[in-house]
Amino acid sequence: LSQLPGWSLRPDGSIVITTGNDDALGVYTCTPYNSYGTAGESRPTRVVLKDPPTFTVPPKEEYFQEVGRELVIPCTAHGDPPPTITWLKVGDAGKVSARVDGNSSLVLRPLLKEQHGLWECTATNQVASVSAATTVHVLGTSPHAVTNVSVLPLLLAANISWEPGFDGGYFQRFSVWYTPLVQHPPRAHHDWVSLSVPVGAQHLLVENLQPDMSYQFSVLAQNKLGSGPFSQIVTSVPRGFPVTTVPPELPAMTVRVFLSPPQALRANETARGVLLRWEPPAQFSVALSGYTLELRQDKGGWEVLDRSIPSTKTQVLVPGLIKDAFYEFRLVAFAGSYISDPSNTVNVSTAGMEVYPSRTQLPELLPQPVLAGVIGGICFLSVAVIFSTMAACIMNRRRAARIQKRRQGRSQP
């Protein structure tokens, strides 16, 4: 054994082969002995080398597809002996139906909202098992339920926080629902009190609660397609004032998180678009997480343009505005789960400017009736041009025929 690198003999008689290769192939026997001799060799055993599974076409890290359409995710592997391929949705074993075709690909047809999430492809043979994971994003659905809802009881109040679920491909908003817990059966959600959550926030302070009374809390997510399912219900009891013979002294200062809005938002017009610049918030007691840019067109409703501007940035370029339009921009800052008040508003008018394209790169800001009117006008103008051209051709042909007829009449004796 000393002549074979990586081979060793254990005190119990076992052979350890660090790296399996062709040198390990063959038939082996074991002969035990002591000072009295041996009882003979063991039965022979054969060592055969096999290959563990290896992915030849693994699935990608993530896939995006519209609900109701078909999604095929490939997953192939080889090994000796050939491995068996299985698919499993992580966290929902046996609850979500799926089909695997003859090439071991996962076939989701039609794609359902419930099939959103993490999927795992596993290749198994007699040697080993290997797995590869992928995330399926199902677009065009209502939001998924929020997770990890927690309630921090405070003095006559409660702070509710959560982690958002997948938004279904659209911007989502949240609302917190709560109700006092009484002796009769739980009340339906439509009897609960609901509070809207500020845009971008993942927490809400619910105030004016009764002390020492149990409350139930739940969070609901909504987008343009509707509401998602309610989160799990969490029960909590707000704190009351301590019962003492001497009235408690109110604190001179209330500890709170300071987060002032971004400062000095200003706009400069460039050949590429509108360049917005600003100064960071003057006061913030926790580290900044980033900024969210909002805008509205022609005094309409405020819309979120970019919700993931890094905290290190103090400028952003907004391209693709519509000509002859009036825009307003404002900025809010985030620090953890806290959101500041909006910054000052800057106005931008593109009236008469030629540097901006006539077609917007922000389709959600163009109202559908306006878009329909533009398309209808273009179609009408095209039809009018075609009919005018045809009428001119017909008139020219008739005129040429009359002239030819007159010439023939004059030439006859």
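Residues numbered from 1 in each chain as written. Predicted model: local features only at pLDDT ≥ 70, side-chain atom pairs only at ≥ 80, totals over all residues. Heavy atoms only, no water.

Next up on the list: the overall build of the protein. Regarding its fold elements, the protein presents one helix and 31 strands. Taking all 413 residues of the protein together, the buried fraction comes to 29%. Long-range contacts, defined as pairs at least 24 residues apart, comprise 60% of the intrachain contacts of the protein with a sequence gap of at least 6. Approximately 26600 Å² of the protein is accessible, and the part contributed by carbon and sulfur atoms is 55%. (Helix = DSSP H or I, 4+ residues; strand = E, 2+ residues; numbered from the N terminus. Buried < 20%, exposed > 50% of the residue type's maximum accessible area, 1.4 Å probe, protein only. Contact = heavy atoms within 4.5 Å. Areas by Shrake-Rupley, 256 points an atom, 1.4 Å probe, with all protein chains shown as cover.)

Right, let's talk about the state of the cysteines for a bit. Think of a disulfide as a covalent bridge from one cysteine sulfur atom to another cysteine sulfur atom. Counted under the stated rule, the structure contains one disulfide. Here C75 engages in a disulfide with C121; their sulfurs sit 1.9 Å apart. Since a negative S-S torsion denotes a left-handed disulfide, the C75-C121 link at about -85° is left-handed. Taken as a pair, C75 in the loop between β9 (71-73) and β10 (76-80) and C121 in strand β14 (residues 117-124) lie far apart in primary sequence, 46 residues in all. (Disulfide = S-S within 2.5 Å.)

Moving on: the sheet that holds β14. Taking strand neighbours across the sheet as the criterion, the four strands line up as β8-β15-β14-β11 in an open arrangement whose pairing is mixed. The sheet terminates laterally at β8 (62-66) and β11 (84-89), the two strands that pair on one side only. Strand-to-strand twist across the sheet, computed as the mean angle between neighbouring axes with direction ignored, equals 25°. Here eight bridges tie β14 to strand β15 (residues 129-139), and the two strands are oriented antiparallel to one another. In the strand pairing of β15, G117 is matched with V136. (Pairing = 2+ DSSP bridges. Axes fitted to C-alpha atoms, helices over the stretch in contact; angles between N-to-C directions.)

Overall, the coordinates contain seven aromatic pairs when judged by the stated rule. Centre to centre, the rings of Y178 and Y215 are 6.3 Å apart; their planes meet at 50°, and the pair counts as tilted. Of this pair, Y178 sits in strand β18 (residues 173-180) while Y215 sits in strand β21 (residues 215-223); the two residues are 37 residues apart in sequence, bridging distant segments of the chain. One exposure class covers both Y178 and Y215, and it is buried. Relative to Y291, the ring of W278 has its centre 5.4 Å away and its plane inclined at 65°; by these criteria the two rings are edge-to-face. Highlighted residues: W278 in strand β25 (residues 273-279) and Y291 in strand β26 (residues 290-297), separated in sequence by 13 residues. Like W278, the residue Y291 is buried in the burial classification. Three or more aromatic residues joined by ring pairs form one cluster here, namely Y178, Y215 and F217. (Phe/Tyr/Trp six-rings, centres within 6.5 Å; stacked < 30°, edge-to-face > 60°.)

One pass over the structure, following the stated rule, counts five salt bridges. One salt bridge in this structure joins D80 and K50, with 3.7 Å as the shortest N-O distance. Here the residue D80 occupies a position in strand β10, and K50 occupies one in the loop between β6 (45-47) and β7 (51-57), the gap between them amounting to 30 residues. By relative accessible area, which is 39% here, K50 ends up partly exposed. In this structure, R296 and E328 form a salt bridge, with 2.8 Å as the shortest nitrogen-oxygen distance. On the criterion of sequence distance, the pair formed by R296 in strand β26 and E328 in strand β29 (residues 326-335) is long-range, its members being 32 residues apart. A residue is classified by how much of its surface remains accessible, and E328, at 5% relative accessible area, is buried. (Salt bridge = Lys/Arg side-chain N within 4 Å of Asp/Glu carboxyl O.)

Let us look at the nonpolar core. With 22 residues, the main nonpolar core has L276, W278, Y291, L293, Y327, F329 and L331 as its most contacted residues. Of all the elements in the fold, those that place two or more residues in this core are β25, β26, β28 (315-318), β29 and β31 (346-349). Among residues more than four places away in sequence, those in contact with L331 are P262, L265, W278, Y291, T292, L293, I309, D341, P342 and S343. (Core = buried A, V, L, I, M, F, W, Y, C linked by side-chain atoms within 4.5 Å.)

Before going further, it helps to examine the pairing of strand β24 (residues 263-270). Relative to β25, β24 runs antiparallel, the two being bridged by six bridges. Bridged to A267 within β25 is L276.

With that out of the way, let us pick up the sheet that holds strand β16 (residues 147-154). On the basis of which strands lie adjacent, the open sheet formed by three strands has the order β16-β17-β20 and antiparallel pairing. Looking at the sheet topology across the chains shown, the edges are occupied by β16 and β20 (203-206). Shown here is a sheet whose adjacent strand axes are inclined to one another by a mean of 15°, direction ignored. Judged from the four bridges that link them, strand β17 (residues 157-163) and β20 form a sheet pairing that is antiparallel.

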